[in-house]
Amino acid sequence: MIRLDPGMAFGTGTHETTRLCLKLLERFLRPGMSMLDVGTGSGILAICAKLLGSGRTVGVDIDEVAVRVARENAALNGCGDIELLCGDLAADVTGCFDIVCANIVADAILRLSKDLPALMHAEGVCVVSGIIDTRCEEVQSGLRQAGLEPFETILENGWAAIACRKAGC
């Protein structure tokens, strides 16, 4: 159970894209794994990861209001140790992560895709969502061009989430 006040930030947990991300996060996250939430919004994915037992957990968003709201929501859920940063997608994040989530829009995923492999451990999993199903193949192709290999896609009500690994892993 998560207590959440999204304020002016995106992410209440009721949208299909968030639910799809949460399904994949729950499937792949193991206690102690590190997690990066790109476009954290309300912080819901980072908070869920922490409540599922993640170790280092980082959320980044370009919107200062979203970062403030995410901090408030993290504290509300006893997850004050989540690192929350205001920055441009993943440009301001350092380190590698076991799981990277990006529940943003297809165009932002395509712009970000070239940066994702450097943020992932060799055996890491990246989950992207916020993709209208008609753009799924385009996003999968962009992920492949960036050195990622999609291995699972799930759909719900016209939306898609894609799980991928570094190519060759």
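The rules behind these values
- Residues numbered from 1 in each chain as written.
- Predicted model: local features only at pLDDT ≥ 70, side-chain atom pairs only at ≥ 80, totals over all residues.
- Heavy atoms only, no water.
- Buried < 20%, exposed > 50% of the residue type's maximum accessible area, 1.4 Å probe, protein only.
- Helix = DSSP H or I, 4+ residues; strand = E, 2+ residues; numbered from the N terminus.
- Pairing = 2+ DSSP bridges.
- Axes fitted to C-alpha atoms, helices over the stretch in contact; angles between N-to-C directions.
- Contact = heavy atoms within 4.5 Å.

Q: A description of helix α2 (residues 44–51) should follow, citing residues and the corresponding values.
A: Residues three or four positions apart in an α-helix share a direction because the helix packs 3.6 residues into each turn. The buried fraction of α2 is high, at seven of eight residues. Within the span of α2, buried status applies to Ile44, Leu45, Ala46, Ile47, Cys48, Ala49 and Lys50. Gly53, located one to two residues past α2, shows a positive phi value of around 105°.

Q: Give me the sheet that holds strand β7 (residues 159–166): which residues, what numbers.
A: Strand order in the open sheet made by the seven strands is β3-β2-β1-β4-β5-β7-β6, with mixed pairing throughout. Of all the strands in the sheet, just β3 (83–86) and β6 (148–156) have a single pairing partner and so form its edges. Direction aside, neighbouring strands of the sheet carry axes that sit 15° apart on average. Bridge count between strand β2 (residues 57–61) and β3: four bridges; the pairing is parallel. Note on β3: the bridge partner recorded for Asp61 is Cys86. Its contacts with the sheet place helix α1 (residues 16–28) against β1 (35–38), β4 (97–103), β5 (120–132), β6 and β7, and it is angled at close to 125° to β6. On the sheet, helix α6 (residues 136–145) packs against β5, β6 and β7 and is oriented at approximately 160° with respect to β6.

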